[in-house]
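Here is how the chains run, residue by residue.
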Amino acid sequence: NQNQDEIHVGHLLSACERLEITMRKIGFGKGANDIAGNMAKIRSIYHEVSTDKRNSMPELLRYELEAGIHDGKSIKDSSATMGLLWLGRSLNYQYDMFRHMLDHNGEPYEAACYAYENSMKPHLSWPVQKVCQTALKKVKELRREKMMAGIGGFSEDSFGNCEDQATRNDLRQVV
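Residues numbered from 1 in each chain as written. Predicted model: local features only at pLDDT ≥ 70, side-chain atom pairs only at ≥ 80, totals over all residues. Heavy atoms only, no water.

A. Helix α6 (residues 108-120), seen in detail. Of the residues making up α6, those classed as buried are P108, A111, A112, A115, Y116, S119 and M120. Taken down its axis, α6 places every buried residue within 135° of arc, on the same side. (Buried < 20%, exposed > 50% of the residue type's maximum accessible area, 1.4 Å probe, protein only. Helix = DSSP H or I, 4+ residues; strand = E, 2+ residues; numbered from the N terminus. Arc of directions from axis to C-beta.)

Spelled out as structure tokens, the structure:
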């Protein structure tokens, strides 16, 4: 961002597109689908707003409010506001997960559970928590080496200490 006080929505969407692709490569399809769905909510309004206002998050949110998309009491589920809210929560989850993996050199499941407890669970209803906990069990099958090879763009067959360190360095910069 050139303006450090605001998040540039266009840049955020571009970065999230790359994150979504990476998540799919490493086997996190559910998380990638969540990010894609939230980006679609943002884009549905983003393309309606004039270019001088759509890249400013406050301007985009103000546009939705002034357009009457929200009733003043609740946020419409299909709105860019809801997309930005849940996209932020998803990004916090990803940050917590990757940070935990870097700090503890653990398995993806352990890091995913840690991130879920800290970033997502407080915002979910009980039934949705149960669905998420079931989805987390699929992460148990994902080995750290396979995930790190995917993130680093390496073949799992040729993934060793040098590739692991390079991936960790790159991931540390991203985080």
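B. How the structure looks around the environment of T22. In this fold, T22 is placed in helix α1 (residues 9-25). It is 9.5 Å that separates the C-alpha atoms of T22 and G152, two residues lying 130 residues apart in sequence.

C. Representation of the packing of aromatic side chains within the structure. For the structure on display, the rule yields one aromatic pair. Centre to centre, the rings of F154 and F159 are 6.1 Å apart; their planes meet at 55°, and the pair counts as tilted. Judged by its relative accessible area of 32%, F154 is partly exposed. The side chain of R89 reaches across the aromatic face of W86, ending 4.5 Å from its centre. (Phe/Tyr/Trp six-rings, centres within 6.5 Å; stacked < 30°, edge-to-face > 60°. Lys NZ or Arg CZ within 6 Å of the ring centre and 35° of its normal.)

D. Region of interest: the environment of T81. Following the sequence through the fold, T81 ends up in helix α5 (residues 80-104). Sequence separation of T81 and L65 is 16 residues, and the distance between their C-alpha atoms is 9.3 Å. The residues touching T81, leaving out its near neighbours within four places in the chain, are L61, E64, H70 and I75. At a separation of 3.2 Å, a polar atom in the side chain of T81 contacts the side chain of H70. (Contact = heavy atoms within 4.5 Å. Polar contact = N/O pair within 3.5 Å; in protein donor to acceptor, adjacent residues only side chain to side chain.)

E. Spotlight on unusual backbone geometry. The residue N105 is not glycine, and still its phi comes out positive at about 50°. The residue N105 is located in the loop between α5 and α6 in this model. The class for N105 is partly exposed, based on a relative accessible area of 47%.

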